[in-house]
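Residue-level structural notes
Here is what each chain is made of, one letter per residue.
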Amino acid sequence: MNNSDGKRCLERLASIIPGYGGYLEKERRRDVDKLHREHLAGELEKLKTPLNNLIQELTDNGRLMELKPVEKASGKIDKIANRVRYASYGYSGFFDVVKVQEYELDKLYQFDLSLTEDIDAIKTKVSSLSESSDAANLKTAVNALASALDDFDNHFSERHKAIENTL
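Residues numbered from 1 in each chain as written. Predicted model: local features only at pLDDT ≥ 70, side-chain atom pairs only at ≥ 80, totals over all residues. Heavy atoms only, no water.

1. Examining the nonpolar core
One finds Leu-44, Val-70, Ile-122, Leu-129, Leu-145 and Phe-152 to be the most contacted residues of the largest nonpolar core, which totals 30 residues. The set of elements that each furnish at least two residues to this core consists of α2 (20–46), α3 (48–60), α4 (67–85), α6 (102–129) and α7 (135–157). Top element by residues in this core is α7. It accounts for eight residues. (Core = buried A, V, L, I, M, F, W, Y, C linked by side-chain atoms within 4.5 Å. Buried < 20%, exposed > 50% of the residue type's maximum accessible area, 1.4 Å probe, protein only. Helix = DSSP H or I, 4+ residues; strand = E, 2+ residues; numbered from the N terminus.)

2. Concerning the packing of aromatic side chains
Per the stated rule, a full pass over the model turns up one aromatic pair. When the centroid spacing of 6.4 Å and the interplanar angle of 20 degrees are considered together, the rings of Phe-152 and Phe-156 count as stacked. With a gap of four residues between them, Phe-152 and Phe-156 both fall in helix α7, about one helical turn apart. Just as Phe-152 is buried, Phe-156 falls in that class too. (Phe/Tyr/Trp six-rings, centres within 6.5 Å; stacked < 30°, edge-to-face > 60°.)

3. Concerning the packing of α4 against α7
Taken N-terminus to C-terminus, the directions of α4 and α7 make an angle of 15 degrees; their axes are 10 Å apart at the nearest point. One way to sum up the angle between α4 and α7 is to call them roughly parallel. Every pair of crossing elements has a handedness; the one defined by α4 and α7 is left-handed. Every residue of α7 that contacts α4 at Pro-69, Val-70, Ala-73, Lys-76, Ile-77, Lys-79, Ile-80, Arg-83 and Val-84 is listed here: Leu-138, Val-142, Leu-145, Ala-146, Leu-149, Asp-150, Phe-152, Asp-153, Phe-156 and Ser-157. (Axes fitted to C-alpha atoms, helices over the stretch in contact; angles between N-to-C directions. Parallel < 35°, antiparallel > 145°, perpendicular 65-115°, else oblique. Left-handed = near helix turned anticlockwise from the far one by under 90°. Contact = heavy atoms within 4.5 Å.)

Written out as structure tokens, the structure is:
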């Protein structure tokens, strides 16, 4: 049986068994939500490599006074990545067996895309750290990174409202 045959079987089951189609849609939403959160967390975690390299460089060059803010930013990335990855599936209304209108899903997808764009802004802040040759510039760059991380964290906190608005 090929993939299209399997899909037709599921569609037939969905038309025969009351609620089955809604169950499948609910599971797809859960899967997409999990994949998106995993992607966001993974992108954040990738940013740890340049931070770890910077920490090593600062250590090697005896710039120990400059380590703490960079280490704090690295810890913040860990915290946010874990929060995103392990966030509850769970805005039960979104995953319930209800029919969500396509335009409402488009609004949610737009919100999720904006989270991805936030990650791109954070990447830019991380890359600017390596361009900071002195303590003052590094402090400014780390503060900008910390601010971008806080903005992302706050934006992610608003995701439940975006989901609720689709119901």
